[in-house]
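So you can see what is in the structure, the chains are spelled out below.
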Amino acid sequence: MTDARIRTGDVVIDLVERGKMVVVERAAHSVDAHRQTESYDISEYKSHPLLDVSDTEAVWTCVYLPDKPSTEFSGTYDFPESRLARVPVEEANQDLRRTQERQAVSMLEMLFSMATTLDEDWAVEARSFEEALGIIATNAALPEEIVDEARELADVQETVAAEGDD
């Protein structure tokens, strides 16, 4: 059965303009949240009477894909989820799976493999789980800026959670 849920990295079709796009990130968890941060109402922008945009659906940032090979791409555009249809490219071959799933399995495989080869010296070096993840990320040859960004995002999330507890 085809998974129609939209995720970052998916190829989608703009149901109004009929253009092919790739989803680059989630712009907002809901149309309502998007409305609060932007100067326009995305539910009304280039709306179509057959597309019933709800305030609770996600908003995705996409880039239009050119029809012919090119190094020039459109800018990024935000779309309510109901305006997008995912192209299930993994259905082309039974051996294919969604790119996001392959990436997650690959990263977890690397982490599990590293976990089985850890020795006591490593365990002594890592005094916390966060330090352990940093060591694993370095050993996995992840670029330092990616690791730093992930740490910063985790710090922000922890700060927001702590403020919510007050």
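Refer to the structure presented above.
Structural notes, computed from the coordinates. (Residues numbered from 1 in each chain as written. Predicted model: local features only at pLDDT ≥ 70, side-chain atom pairs only at ≥ 80, totals over all residues. Heavy atoms only, no water.)

## Some remarks on the overall build of the protein chain
For the protein chain, the helix and strand inventory stands at 5 helices and 5 strands. Scored against the burial criterion, the 166 residues of the protein chain give a buried share of 23%. Once local pairs closer than 6 in sequence are excluded, the contacts in the protein chain between residues at least 24 apart make up 58%. Accessible surface, the protein chain: about 12000 Å² in total, of which carbon and sulfur atoms supply 53%. (Helix = DSSP H or I, 4+ residues; strand = E, 2+ residues; numbered from the N terminus. Buried < 20%, exposed > 50% of the residue type's maximum accessible area, 1.4 Å probe, protein only. Contact = heavy atoms within 4.5 Å. Areas by Shrake-Rupley, 256 points an atom, 1.4 Å probe, with all protein chains shown as cover.)

## A short note on the side chain of glutamate 57
One can find glutamate 57 in the loop between helix 1 (31–37) and strand 3 (59–64). Buried charge glutamate 57 goes without a salt bridge, the closest partner of opposite sign being arginine 35 at 9.3 Å. Here serine 54 takes part through its backbone nitrogen, which lies 2.8 Å from a polar atom of the side chain of glutamate 57. (Lys, Arg positive; Asp, Glu negative; His and termini not counted. Salt bridge = Lys/Arg side-chain N within 4 Å of Asp/Glu carboxyl O. Polar contact = N/O pair within 3.5 Å; in protein donor to acceptor, adjacent residues only side chain to side chain.)

## A closer look at the sheet that holds strand 4 (residues 76–80)
Taken in spatial order, the 5 strands make up an open sheet running 4-3-2-1-5, and their pairing is antiparallel. The open sheet has two free edges, formed respectively by strand 4 and strand 5 (84–86), since each of these has just one partner strand. Taking the axes of each pair of neighbouring strands and ignoring which way they run, one obtains an average angle of 50° across the sheet. Note: strand 3 against strand 4, 5 bridges, orientation antiparallel. (Pairing = 2+ DSSP bridges. Axes fitted to C-alpha atoms, helices over the stretch in contact; angles between N-to-C directions.)

## A look at the nonpolar core
Listed in full, the 9 residues of the largest apolar core are Ile6, Val12, Met21, Val23, Ala58, Trp60, Cys62, Phe79 and Leu84. Secondary structure elements with two or more residues in this core: strand 2 (20–28) and strand 3. Not counting the four nearest positions on each side in its chain, valine 23 is found in contact with Ile6, Arg7, Thr8, Gly9, Asp10, Val12, Trp60, Thr61 and Cys62. (Core = buried A, V, L, I, M, F, W, Y, C linked by side-chain atoms within 4.5 Å.)

## Some remarks on the pattern of salt bridges
One pass over the structure, following the stated rule, counts 6 salt bridges. Arginine 86 is the salt-bridge partner of aspartate 10, the closest N and O atoms lying 3.9 Å from each other. Note that aspartate 10 is positioned in the segment before strand 1 (11–14) and arginine 86 in strand 5, a separation of 76 residues in sequence. Several salt bridges converge on common partners, so that one network encompasses Asp32, Arg35, Asp41 and Asp55.

## A look at unusual backbone geometry
With a phi angle near 65°, arginine 18 is a residue other than glycine that sits in the positive phi range. Relative to the helices and strands, arginine 18 is located in the loop between strand 1 and strand 2. Taking the relative accessible area as the measure of exposure, arginine 18 reaches 71% and is therefore exposed.

## As for the packing of aromatic side chains
Where two aromatic rings form a pair, the distance of their centres and the angle of their planes describe that pair. According to the stated counting rule, one finds 2 aromatic pairs in the structure shown. Between the aromatic rings of tyrosine 64 and tyrosine 77, the centroid separation amounts to 5.8 Å while the plane-to-plane angle is 65°, which identifies the pairing as edge-to-face. Residue tyrosine 64 is found in strand 3, and its partner tyrosine 77 is found in strand 4; the two are separated by 13 residues along the sequence. Overall, tyrosine 77 belongs to the partly exposed group, its relative accessible area being 40%. Where tyrosine 64 meets phenylalanine 79, the ring centres are 6.1 Å apart and the plane angle is 80°; that geometry is what we call edge-to-face. You can see tyrosine 64 sitting in strand 3 and its partner phenylalanine 79 sitting in strand 4, a full 15 residues away along the chain. Residue class for phenylalanine 79 comes out buried when judged on its relative accessible area of 3%. (Phe/Tyr/Trp six-rings, centres within 6.5 Å; stacked < 30°, edge-to-face > 60°.)

Nothing here speaks to function; it is geometry throughout.
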